[in-house]
Amino acid sequence: MTDDSRTEQHYRDNAAELGDIYGTVGVTHLHHLVTLLRPGDKVLDIGCGTGRDVKWLRDQGFNAEGVDPSEEMIAEARRGYSIPDGLLHRDHLPGLESVNGPFAAITCIHVLHHLEDTVLLDALYRLRALLTAGGFLVIKVPSQHASVSDRIHADGRRYILRDPGEYRFFLERLGLRMTAQIDEHHEETRSVWHTQVYTTPLSAGLNPLETIESILWDDRKVNTYKFALLRAVTDLAVHTTRTVRWTTDGRVAVPIDLVAERWIEYYWPLVAVGAGTDDEILLGQRVSGKQDMAFRRSLTSLTQRWEQAGGYAAFRAALDRGSLSSEQRQERKDVLSDIRSGIRQPVQYAGNSRTGKELFEIIGRELYIGGNLWTELALMGRWIEDSILIRWAEFVARLKHQTSHVTSDIVLALLLRPRRDDHDTSIARGVYGASLEAEGSLECVWSGKEIRTMPRLEVDHAIPWALWYSNDLWNLLPADRTVNNTKRDKLPSRTLVEASRSRILRNWEVLWTAEPLMFGVHAARLIGQPLHDFGRAEQQTLFDMFKNSIEFTASNRAAERWAP
């Protein structure tokens, strides 16, 4: 059950041999399940391979069927076990569109470790959606294996070793409860495997994460606005907690202009490609004049002005520096106005019969969202955004009138462009370079080591770009090249941040002096209030939020901590 061609090829090429091997292995992982089900219950075996478990379950009196992405494996199942037609389906996670639930139980043995992180949440949600209330899920996953290196098995298969607690974390956030875990140590392969059994709640209500996934999977969509709305509030929940306010009725009020600003960033690369030509990427079903978005014309005008001058990153830097001309400010104002109108559509229509229809509300210039949903977005933002981007890309590629050359891969690459192309530290480097020339040396923020030449100077993302896509000036600090090479994508330890406080504040003062408008804008995004000056109180507030952001990222992303 995988989207990896090498893994799929392995099972296609070795179907007959694997069928012989599987036939000699016991099914102890299913024995517990038998005590939980009644004869005739529907059971689905995901990654059924050559059909051993489907055959065994049917022999116990259950109405079992299976899915596998390999036609060769399914052929072996039919040959070896004479499983009737219609009970085996060629399919794979996370889609599983060929099966009809609900099922009293689902088995997912030796499957989930073949899935990339980007689709794992979607896959587990799909399993949850196919289970009946009070149903059971059995998974078997590895956490150690001697033949696996860098997520690849020696035979070429994708093989991601995760702690069993990671699966439990996801599944329990989806409302399931783990009832048993059996750990097995195999000396021959020096591997450790874990069989986990989960049950779904008897009530039919959705928890917040299920609500988000139901919008992505089940909501009717005529354009990409729902994806953009969910992506924006997820981004804000993770990164800008101080810029929103909690209300007395337990909701969170988000300034709608913050959402609109995110939409400019997300849609920028999508409308800039092929603007005004037949290569234009459609983003909705309404194609009269190709005005499939209410704000396409105004945003296209903005992007075309800036694409030759550095694109979105250059526009954002000019905005934060306060250097937009009056004409450019008006152009941005027009785009924001059009986007604010567009945001009202997904706010009105988000939700379905399972989730309810009142998930969001706009009052004045604020977007209201339930506190529980907001909290879930803050906790699960990393994985939720991956789900949003994949669903967004697939939706755009499948639009009825879409240009034929547009594929989900092309759309996904454009949606990811801000992550990949905007790793820009040039402004901070220019400020630190000028300071180095004037003073003769700088201190490495993490080690205190003197930096005397530009080749030794590197600008470090204190919270690494890989964990938090932020080029805000407060996050860019000078580091010695050798020291920075040892840090890379690690988070500084809490002790190191405290020990480096004076150096961090000195560098912030340098940035504030050189780029007061930009530094003020960036700091305000973090602390949730304007930065009128940078006195002792403001420095302490910013430093406290900086520390908290590092700790929140560490706990949310299980990131490695570092000290020189």
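Residues numbered from 1 in each chain as written. Predicted model: local features only at pLDDT ≥ 70, side-chain atom pairs only at ≥ 80, totals over all residues. Heavy atoms only, no water.

J.: Can you break down the pairing of strand β12 (residues 360-363) residue by residue, with the values?
T.: Of the two faces of β12, the one lined by Phe360 and Ile362 is fully buried and the one lined by Glu361 and Ile363 carries no buried residue. Summarising the sheet, β12 and strand β13 (residues 366-370) pair through four bridges and their orientation is antiparallel. Directly across from Glu361, in β13, lies its bridge partner Tyr368. Count of turn residues in the β12/β13 antiparallel hairpin: two residues, of which Gly364 carries a positive phi of about 65°. (Buried < 20%, exposed > 50% of the residue type's maximum accessible area, 1.4 Å probe, protein only. Helix = DSSP H or I, 4+ residues; strand = E, 2+ residues; numbered from the N terminus. Pairing = 2+ DSSP bridges.)

J.: Help me get a handle on the environment of Glu538, residues and values and all.
T.: Mapping Glu538 onto the fold places it in helix α22 (residues 536-557). The partly exposed category is assigned to Glu538, whose relative accessible area is 25%. As for Glu538 and Ala523, which are separated by 15 residues in sequence, their C-alpha atoms are 9.6 Å apart. Apart from residues no more than four positions distant in its own chain, Glu538 is found in contact with Leu531 and Asp533. (Contact = heavy atoms within 4.5 Å.)

J.: Tell me about the pattern of salt bridges, and please be specific about residues and values.
T.: Within this structure, the stated rule accounts for 43 salt bridges. With a shortest N-O distance of 2.6 Å, Glu331 and Arg305 are connected by a salt bridge. Pair noted here: Glu331 is in helix α13 (residues 326-349) and Arg305 is in helix α11 (residues 296-306), with a separation of 26 residues, a long-range link. Classification of Arg305 as partly exposed rests on a relative accessible area of 32%. (Salt bridge = Lys/Arg side-chain N within 4 Å of Asp/Glu carboxyl O.)

J.: Can you explain the sheet that holds strand β8 (residues 177-186)? Please cite residues and give values.
T.: As summarised here, the arrangement of the seven strands in space is β3-β2-β1-β4-β5-β9-β8, forming an open sheet in which the pairing is mixed. Each of the sheet's edge strands pairs with one partner strand only, and the pair in question is β3 (88-90) and β8. Each neighbouring strand pair of the sheet contributes to a mean axis angle of 15°, computed without reference to strand direction. Across eight bridges, strand β5 (residues 131-144) lies against strand β9 (residues 191-199) in antiparallel orientation. Within β9, the position partnered with Gln144 by the bridge is Val192. Seen against the sheet, helix α5 (residues 71-81) touches β2 (63-68) and β3 and runs at an angle of roughly 165° to β3. Its contacts with the sheet place helix α6 (residues 117-130) against β1 (42-46), β4 (103-109) and β5, and it is angled at close to 150° to β5. (Axes fitted to C-alpha atoms, helices over the stretch in contact; angles between N-to-C directions.)

J.: Please provide a residue-by-residue account of the packing of helix α9 (residues 225-239) against α13, values included.
T.: Two elements in contact, α9 and α13, have axes whose closest approach is 9 Å; the angle formed by their N-to-C orientations is 90°. Taken together, the axes of α9 and α13 lie roughly perpendicular to each other. From α9, Tyr225, Lys226 and Leu229 reach across to α13, where they touch Gly342, Ile343, Gln345, Pro346, Val347 and Tyr349. (Parallel < 35°, antiparallel > 145°, perpendicular 65-115°, else oblique.)

J.: Can you explain the packing of α9 against helix α10 (residues 256-272)? Please cite residues and give values.
T.: The N-to-C vectors of α9 and α10 enclose an angle of 115°; their axes lie 9 Å apart at closest approach. The interaxial crossing formed by α9 with α10 has right-handed handedness. When α9 is examined against α10, the residues Tyr225, Ala228, Leu229, Arg231, Ala232, Asp235 and Leu236 are found in contact with a partner set consisting of Leu258, Val259, Arg262, Trp263, Tyr266 and Tyr267. Residue classes in the contact of α9 with α10 are distributed as ten nonpolar, no polar and three charged. (Left-handed = near helix turned anticlockwise from the far one by under 90°. Nonpolar A, V, L, I, M, F, W, Y, C, P; charged D, E, K, R; others polar.)

J.: With reference to specific residues and values, describe the packing of aromatic side chains.
T.: Under the defined criterion, the tally for this structure stands at 24 aromatic pairs. The interplanar angle of 65° and the centroid separation of 6.5 Å between the aromatic rings of Trp508 and Phe543 together place this pair among those described as edge-to-face. Here Phe543 lies in helix α22 and Trp508 lies in helix α20 (residues 501-514), a separation of 35 residues in the sequence. Note on Trp508: relative accessible area 0%, which makes it buried. One aromatic cluster in this structure is built from Tyr225, Phe227, Trp263, Tyr267, Phe295, Trp392 and Phe395. Looking at Arg231, its charged tip hangs above the ring of Tyr266, at a distance of 4.1 Å from the centre. Between Arg391 and the ring centre of Trp217, over which it is positioned, the NZ or CZ distance is 4.6 Å. (Phe/Tyr/Trp six-rings, centres within 6.5 Å; stacked < 30°, edge-to-face > 60°. Lys NZ or Arg CZ within 6 Å of the ring centre and 35° of its normal.)

J.: Explain helix α21 (residues 516-527) to me, and be specific about the residues and the numbers.
T.: If you check α21, its first and last C-alpha atoms are 16 Å apart, about what twelve residues at 1.5 Å a residue would give, namely 16 Å. Met518, Phe519, Gly520, His522, Ala523, Ala524, Leu526 and Ile527 are the residues of α21 that are buried. Considering only its buried residues, α21 is in contact with α12 (311-321), α17 (426-439), α20 and α22. (Expected span 1.5 Å × (residues − 1).)

J.: Describe the environment of Gly520, with residues and values.
T.: Checked against the element boundaries, Gly520 lands in helix α21. For the pair Gly520 and Thr486, spaced 34 residues apart in the sequence, the C-alpha separation amounts to 30 Å.

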